[in-house]
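# An overview of the molecular structure
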Amino acid sequence: MTMATPAKTMTAPHVEWGRVRSSRRTADRMMKIIATSFTLIAIVVLFWILGMLIVKGLGGLSASTFTQITPGPGTEGGGLANAIVGSIVLTFLGIAVATPIGVLAGTYLAEYGKASKLADLIRFINDILLSAPSILIGLFVYVILVEPFRGYSGWAGGVALGIIAIPVIVRTTEDMLRLVPGSLREAGAALGAPPSVVITSVTWRAAKSGMVTGVLLALARIAGETAPLIFTALNNNFWFSPNLIGGVSNLPVTIYQFASAPYENWQQLAWAGSLIITVSILVLSIIARRIVRGGK
Amino acid sequence: MSAVTDQFAVPSAPVRKTPMGTFDLVFRNASLLAALFVLVLLAGIMVSMVVGGWPAFREFGLGFITSSVWDTQNEQYGAWPAIVGTLSTALIALVVGVPLSLGIAVFLTQLAPPWFKQPVSTAIELLAAVPSIIYGMWGLFVFAPLFAAYVQIPLSSLVEGMPIVGTILYSRSPSGLGILSAGIILAFMIIPFIASITRDMLDQIPSVLRESAYGIGATTWEVVRHVLVPQAGVSIIGAIMLGLGRALGETMAVTFVVGNANRLSASVMDPGSTIASRIANEFNEALGLQLNALIALGCILFFVTFVVLVIARLLVARVKRY
């Protein structure tokens, strides 16, 4: 009989807001409602944007979008083939420029520089470059690569995108290398391997998936960049020349020019292009996130 | 005694002369060069802006900043309307975006059930992955018409004739485009940055602090207000400054919705322009002094964002260490 009573008292007396003053209760309720509704607003905006792209973009999407080149003013039909190929070329050019520099710089910070004053400075400047306005990087490349050579080129566009990608890769490479336990490095060094061999065949290998993530994130970051391309690769309504001299057609600037144009088919193509570019970027970012979470 | 110390004396390392030694040196120096390249980049951007904009600075002196004339026919250029537009859109973005971001961060760290936290976090971060030109299209084709119909027109008829408010909020041509619309679009673009840094900072606070506050009977709001915010305060300001840096230099979205007017207006409902939108708009047709004036605008933008970002990084870094 006496054994049964403790079981009853185990359930705490459910007195909600026992001695809490009602003004405190209201403030708390208000905060919870406001915080939740603010979160809701942001999520609604994200899905509103995605919904808009799907509704307006799918209508403009057809086989000819991928096979025909961008139409001239007043021309019927047309597609985005040259813009899509140009965007892919420019983006990969940017990644090709940024990956070696970014990975090596990140390696320096994590493996050689560590806590030295120089490494701290580089880390700090890299963080600033990470959030520097992309339009300024476009202007910079215009001054050093477009003005001296008297003409827009795909090379300048690739370099501009590369400069935007470098800080992203530096940052993730360093972060990922720092996650590699020191004992792995020590084990490598104990076998007599010099630092360079330890880094390339032990540390890099251990951090590989994380470093790939960095490159994917950089890819996602530069694929939709528009502002720097206006000053460097510009655009082209035809197939660009294979040596990438002169304007190179690309999706973001095409969208920019077509979106508010008076021609119905241009606007359609702008929406289709927006859908293509956003879906590719979101897929890239989600894959990158998956790799990070899977690796941990 | 001496025998013991001898035993522990480190033998001098034998000097290795292998092919690996050369590779080691090359690899080390290559990575150092790559790291130094980051410094060169920032210095290069700074120098190219100053050199490119120099003819305009020399021509107009300080008047370049204070003048409101932008006349391509007579080659007279002044940056004032663009500077005011940049600062006011960024300010509106902060006023709208900061409360939203802090609310989201509080929701994610304090209120959301664990299974719900991850998808919501990802959704907020995906807001940052959406390219800025897409925000521009959303702003121009979806947000602006709604804003004109449901905010500008009713508000204009409401405030018409009132002192001060009647000037600031009155829209002469309710098209939905203007400084306020640009600021609101910018707010959504900076939310993911401020919200995710604030979330990380709140997560870092040792839960003992939170638990002891709950232990003495504090409500969730009181814990946030009196324990969490003071703890993470400095870095939250850093996160806000980081958002400000983004808002100042954002180009494509603003170019779509700001209206691109060269004049200065007292109303936030009227079209205006920012430094970035003006550069994006005029650059490809610009020649001679106009080109220099545009690069000089870029130079001003560079130094403003540079100062903001330096302060932001210092504030965020200061708290990370505890």
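Residues numbered from 1 in each chain as written. Chains lettered and ligands numbered in written order. Predicted model: local features only at pLDDT ≥ 70, side-chain atom pairs only at ≥ 80, totals over all residues. Heavy atoms only, no water.

Once that is clear, we can look at the overall build of chain B. Regarding its fold elements, chain B presents 13 helices and 2 strands. Taking 2.2 N^0.38 as the reference for a compact globule, 322 residues should give roughly 20 Å; the C-alpha atoms of chain B span a radius of gyration of 26 Å, well beyond that estimate. Taken along the three principal axes of its C-alpha coordinates, chain B extends 95 × 65 × 30 Å. Within the span of chain B, comprising 322 residues, buried residues form 54% of the whole. Across chain B, contacts joining residues at least 24 apart in sequence account for 75% of those joining residues at least 6 apart. Carbon together with sulfur atoms contributes 68% to the accessible area of chain B, which is approximately 14500 Å² in total. Distance between charge centroids for chain B: 9 Å, based on 16 positive and 15 negative side chains. (Helix = DSSP H or I, 4+ residues; strand = E, 2+ residues; numbered from the N terminus. Rg over C-alpha atoms; globule rule 2.2 N^0.38 Å. Buried < 20%, exposed > 50% of the residue type's maximum accessible area, 1.4 Å probe, protein only. Contact = heavy atoms within 4.5 Å. Areas by Shrake-Rupley, 256 points an atom, 1.4 Å probe, with all protein chains shown as cover. Lys, Arg positive; Asp, Glu negative; His and termini not counted. Charge placed at Lys NZ, Arg CZ, Asp CG, Glu CD.)

Counted according to the given criterion, the structure contains 13 salt bridges over all chains. The salt bridge partner of Lys117(B) is Asp203(B), with a shortest N-O separation of 3.3 Å. Of this pair, Lys117(B) sits in helix α5 (residues 114-129) while Asp203(B) sits in helix α8 (residues 179-204); the two residues are 86 residues apart in sequence, bridging distant segments of the chain. Glu125(B) is paired through a salt bridge with Arg199(B); the nearest N and O atoms lie 3.0 Å apart. Of the two residues, Glu125(B) sits in helix α5 while Arg199(B) sits in helix α8, which places them 74 residues apart along the sequence. A relative accessible area of 10% places Arg199(B) in the buried class. Beyond isolated ion pairs, a larger network of salt bridges with shared partners links Asp120(A), Arg123(A), Glu174(A) and Arg178(A). (Salt bridge = Lys/Arg side-chain N within 4 Å of Asp/Glu carboxyl O.)

Once that is clear, we can look at the side chain of Ser87(A). Relative to the elements of secondary structure, Ser87(A) occurs in helix α4 (residues 81-113). Setting aside residues up to four positions removed in sequence, Ser87(A) forms contacts with Ser249(A), Asn250(A), Leu251(A) and Pro252(A).

Another aspect to go through is α8(B). The end-to-end C-alpha distance of α8(B), which contains 26 residues, comes to 37 Å, matching closely the 38 Å that a straight helix rising 1.5 Å per residue would cover. Where burial is concerned, most of α8(B) is hidden: 22 out of the 26 residues are buried. (Expected span 1.5 Å × (residues − 1).)

Before going further, it helps to spend a moment on a nonpolar patch on the surface. A cluster of nonpolar side chains, namely Leu40(A), Val44(A), Trp48(A), Leu146(B), Tyr150(B) and Val151(B), defines an oily patch on the protein surface of about 590 Å² accessible area. Listed by contribution, the elements that provide at least two residues to the nonpolar patch are α2 (22-60) of chain A together with α6 (132-159) of chain B. Relative to the helices and strands, Val44(A) resides in helix α2. Relative accessible area serves as the criterion here: at 49%, Val44(A) is assigned to the partly exposed category. (Patch = residues over 30% accessible without salt bridge, like charges linked within 9 Å, V, L, I, M, F, W, Y side chains within 5 Å.)

Another aspect to go through is the packing of aromatic side chains. Enumeration according to the criterion identifies 23 aromatic pairs over all chains in this entry. Both rings, one in Trp48(A) and one in Trp138(B), keep their centres 5.2 Å apart while their planes meet at 80°; by these two values the pair is edge-to-face. Of the two residues, Trp48(A) is situated in helix α2 and Trp138(B) in helix α6; the pairing between them involves two chains. Residues Tyr263(A) and Trp266(A) carry aromatic rings whose centres are separated by 5.0 Å and whose planes lie at 65° to one another, so their mutual orientation is edge-to-face. You can call Trp266(A) buried: its relative accessible area is 9%. Site record: aromatic cluster; members linked through ring pairs are Trp48(A), Trp138(B), Phe143(B), Phe147(B) and Phe188(B). Here the guanidinium or amino end of Arg278(B) rests over the ring plane of Trp70(B), the centre of that ring lying 4.6 Å away. (Phe/Tyr/Trp six-rings, centres within 6.5 Å; stacked < 30°, edge-to-face > 60°. Lys NZ or Arg CZ within 6 Å of the ring centre and 35° of its normal.)

Let's shift gears to the packing of helix α4 (residues 80-111) of chain B against α8(B). Residues and elements named next belong to chain B. Relative to each other, α4 and α8 sit at 40°, their axes nearing to 5 Å. One finds that α4 runs oblique with respect to α8. Once α4 is placed against α8, the crossing between them reads as right-handed. Considering only residue class, the contact of α4 with α8 consists of 23 nonpolar, 8 polar and 2 charged. (Axes fitted to C-alpha atoms, helices over the stretch in contact; angles between N-to-C directions. Parallel < 35°, antiparallel > 145°, perpendicular 65-115°, else oblique. Left-handed = near helix turned anticlockwise from the far one by under 90°. Nonpolar A, V, L, I, M, F, W, Y, C, P; charged D, E, K, R; others polar.)

Right, let's get into the nonpolar core. Ile49(A), Met49(B), Phe64(B), Tyr135(B), Ile279(B), Phe283(B) and Leu297(B) are the most contacted members of the largest nonpolar core, which totals 195 residues. Among the elements that line this core, the one with the most residues is helix α13 (residues 288-320) of chain B, at 17 residues. Setting aside residues no more than four positions away along its own chain, Ile279(B) makes contact with Ile135(A), Leu139(A), Phe231(A), Leu294(B), Leu297(B) and Gly298(B). (Core = buried A, V, L, I, M, F, W, Y, C linked by side-chain atoms within 4.5 Å.)

A separate point is unusual backbone geometry. All names here are of chain A. A positive phi angle, close to 50°, is found at Arg-150, a residue other than glycine. Relative to the helices and strands, Arg-150 is located in the loop between α6 (134-146) and α7 (154-179). Phi at Leu-234 is positive, roughly 50°, even though this residue is not glycine. Relative to the helices and strands, Leu-234 is located in the loop between α11 (227-230) and α12 (251-259).

What follows deals with the environment of Gly249(B). Looking at where Gly249(B) falls in the secondary structure, it is placed in helix α10 (residues 220-249). Given a relative accessible area of 5%, Gly249(B) falls into the buried group. Aside from chain neighbours lying at most four places away, what touches Gly249(B) is Pro133(A), Ile135(A), Ala276(B), Leu301(B) and Thr305(B).

For the rest of this paragraph, the subject is the confidence of the model for chain B. When pLDDT is averaged across chain B, the result is 86; 92% of the residues are at 70 or more. Confidence scores differ between elements of chain B, with helix α1 (residues 2-8) of chain B showing the lowest mean pLDDT of 47 and α4(B) the highest of 93. (pLDDT = per-residue confidence, 0-100.)

Once that is clear, we can look at the packing of α2(A) against α10(B). Here α2(A) crosses α10(B) at 80°, and the two axes come no closer than 7 Å. Comparing their axes, α10(B) and α2(A) come out roughly perpendicular. Counted together, Arg24(A), Ala27(A), Asp28(A), Met31(A) and Lys32(A) of α2(A) and Thr220(B), Trp221(B), Glu222(B) and Val224(B) of α10(B) form the full contact between these two elements.

On to the interface of chain B and chain A, then. With 81 residues of chain B at the interface, the matching set in chain A holds 84 residues. Roughly 7300 Å² is buried in total at the junction of chain B and chain A, and carbon and sulfur atoms are behind 80% of that figure. Counting the surface chain B buries against chain A, the share from its top three residues, Phe27(B), Trp138(B) and Arg313(B), is 9%. Across the chain B-chain A interface, the total number found is 2 salt bridges. A salt bridge links Arg289(A) to Glu125(B); its shortest N-O distance comes to 2.4 Å. For the pair chain B and chain A, the interface holds 10 residue pairs in polar contact (both at pLDDT 80 or more). Counting only elements with at least two residues in the side of chain B that touches chain A, the list comes to α2 (19-60), α4, α5, α6, α10, α11 (252-257), α12 (275-282) and α13 of chain B. With 20 residues, the single largest contributor to the side of chain B that touches chain A is α2(B). (Buried area = accessible area lost by both parts, 1.4 Å probe. Polar contact = N/O pair within 3.5 Å; in protein donor to acceptor, adjacent residues only side chain to side chain.)

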